[in-house]
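Observations on the three-dimensional arrangement
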Amino acid sequence: MIYNIKGTLTVTDASFIVVECGGVGFKCFASLNTIQNVGKTGQEVNVYTHLAVREDAMDLYGFSSLAELDAFKLLISVSGIGPKAAIAILSELTPDRLALCIASGDAKAITRAQGVGKKTAERVVLELKDKMTGIAGEENMQAVSGAASVGESSNSAEAVEALVALGYSQSDAAVAVGGMDKSLSVDEMIRLGLKKLATRL
């Protein structure tokens, strides 16, 4: 198994990159996030990889961060999610954002990925609910934990529903409400949530 490739970035395309190492160009399928963040053509880069072996092909997938590689491995562990669908999801959502969506049950955000339908997105949320917290960066762990705890309070859940009805995504609403005192009234949670969301925009 190839863990990583360190070499010169020679090609960036809409769906893959090529890293030349020791005179060999390795074609790595990649998410849009990796393609944008890995570096510029001609620079030396380090890409973490996953080799997907099928009967008719061996495809190499490349990632600019370990967090994205870990998120990819978790996604392909979900029944019905192959490497291409996982890359599509990670092109739409960073690992941190994906962790927030899963923690808050925001399947709708996942369906924005090309080729991912509602049932598949709901399966991702269901199967990875307890596994994604380790993917979020340290600075986002609190937000993920707060979003995951929203369902424990009926007031929190009502406040999130109200914020979603006002046009915010479920994951953003869950993060805004997640860290609040559970004894607050629904109206107070909505008011404070709106204030938090306004400062983030």
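Summary of the structure given here.

Quick notes on the rules
- Residues numbered from 1 in each chain as written.
- Predicted model: local features only at pLDDT ≥ 70, side-chain atom pairs only at ≥ 80, totals over all residues.
- Heavy atoms only, no water.
- Pairing = 2+ DSSP bridges.
- Helix = DSSP H or I, 4+ residues; strand = E, 2+ residues; numbered from the N terminus.
- Salt bridge = Lys/Arg side-chain N within 4 Å of Asp/Glu carboxyl O.
- Axes fitted to C-alpha atoms, helices over the stretch in contact; angles between N-to-C directions.
- Parallel < 35°, antiparallel > 145°, perpendicular 65-115°, else oblique.
- Left-handed = near helix turned anticlockwise from the far one by under 90°.
- Contact = heavy atoms within 4.5 Å.
- Nonpolar A, V, L, I, M, F, W, Y, C, P; charged D, E, K, R; others polar.
- Core = buried A, V, L, I, M, F, W, Y, C linked by side-chain atoms within 4.5 Å.
- Buried < 20%, exposed > 50% of the residue type's maximum accessible area, 1.4 Å probe, protein only.
- Phe/Tyr/Trp six-rings, centres within 6.5 Å; stacked < 30°, edge-to-face > 60°.

1. Examining the pairing of strand β1 (residues 4-12)
- Two elements, β1 and strand β4 (residues 44-53), share five bridges in a ladder whose sense is antiparallel. Paired with G7 across the strands is V45, a residue of β4.
- As paired strands, β1 and strand β2 (residues 16-21) are joined by four bridges and run antiparallel to one another. Note on β2: the bridge partner recorded for V11 is V18.
- Hairpin remark: β1 followed by β2, antiparallel, with three residues in the connecting loop.

2. Details of the pattern of salt bridges
- Tallied over the entire structure, the rule returns five salt bridges.
- The partner of R54 in a salt bridge is D56, with the nearest N and O atoms 3.4 Å apart.
- The closest approach of N and O atoms between D59 and R54, which form a salt bridge, is 2.9 Å.
- Several salt bridges share partner residues, and in doing so they unite R54, D56 and D59 into one network.

3. A look at the packing of helix α2 (residues 66-76) against helix α3 (residues 83-92)
- In the contact formed by α2 and α3, the axes pass within 9 Å of each other and the chain directions differ by 135°. Relative to α3, the element α2 is oriented oblique. The handedness of the crossing between α2 and α3 is right-handed. Residues E68, A71, F72, L75 and I76 of α2 pack against P83, A86, I87, I89 and L90 of α3.
- Tallied by class, residues from the contact of α2 with α3 come to nine nonpolar, no polar and one charged.

4. Looking at the nonpolar core
- Ranked by size, the top nonpolar core spans 30 residues in total, and within it L75, I81, I89, L98, I110 and V124 carry the most contacts.
- For this core, the secondary structure elements donating two or more residues are β4, β5 (58-63), α2, α3, α4 (95-104), α5 (107-110) and α6 (118-128).
- With six residues, the top contributor of residues to this core is α3.
- Once residues within four sequence positions are removed from consideration, I110 is found in contact with I89, L93, L98, C101, I102, V116, A121, V124 and V125.
- Membership of the second largest hydrophobic core comes to 12 residues, among which are L9, V38, V45 and L60.

5. What about the packing of aromatic side chains?
- Tallied over the full model, the rule gives four aromatic pairs.
- Judged by centre distance (5.9 Å) and plane angle (80°), the rings of Y3 and Y48 are edge-to-face. Here Y3 is found in the segment before β1, whereas its partner Y48 is found in strand β4, with 45 residues between them in sequence.
- One aromatic cluster is present, built from ring pairs that chain together F29, Y61, F63 and F72.

6. A short note on the packing of helix α8 (residues 154-165) against helix α9 (residues 170-178)
- Running from N to C, α8 and α9 cross one another at 135°; their axes reach a closest spacing of 9 Å. Between α8 and α9, the angle is such that the two are oblique. Classified by chirality, the crossing of α9 by α8 is right-handed. Residue-level inspection shows S156, A159, V160, L163 and V164 of α8 in contact with α9, the latter providing Q170, A173, A174 and V177.
- Residues of the contact of α8 with α9, tallied by class, amount to seven nonpolar, two polar and no charged.

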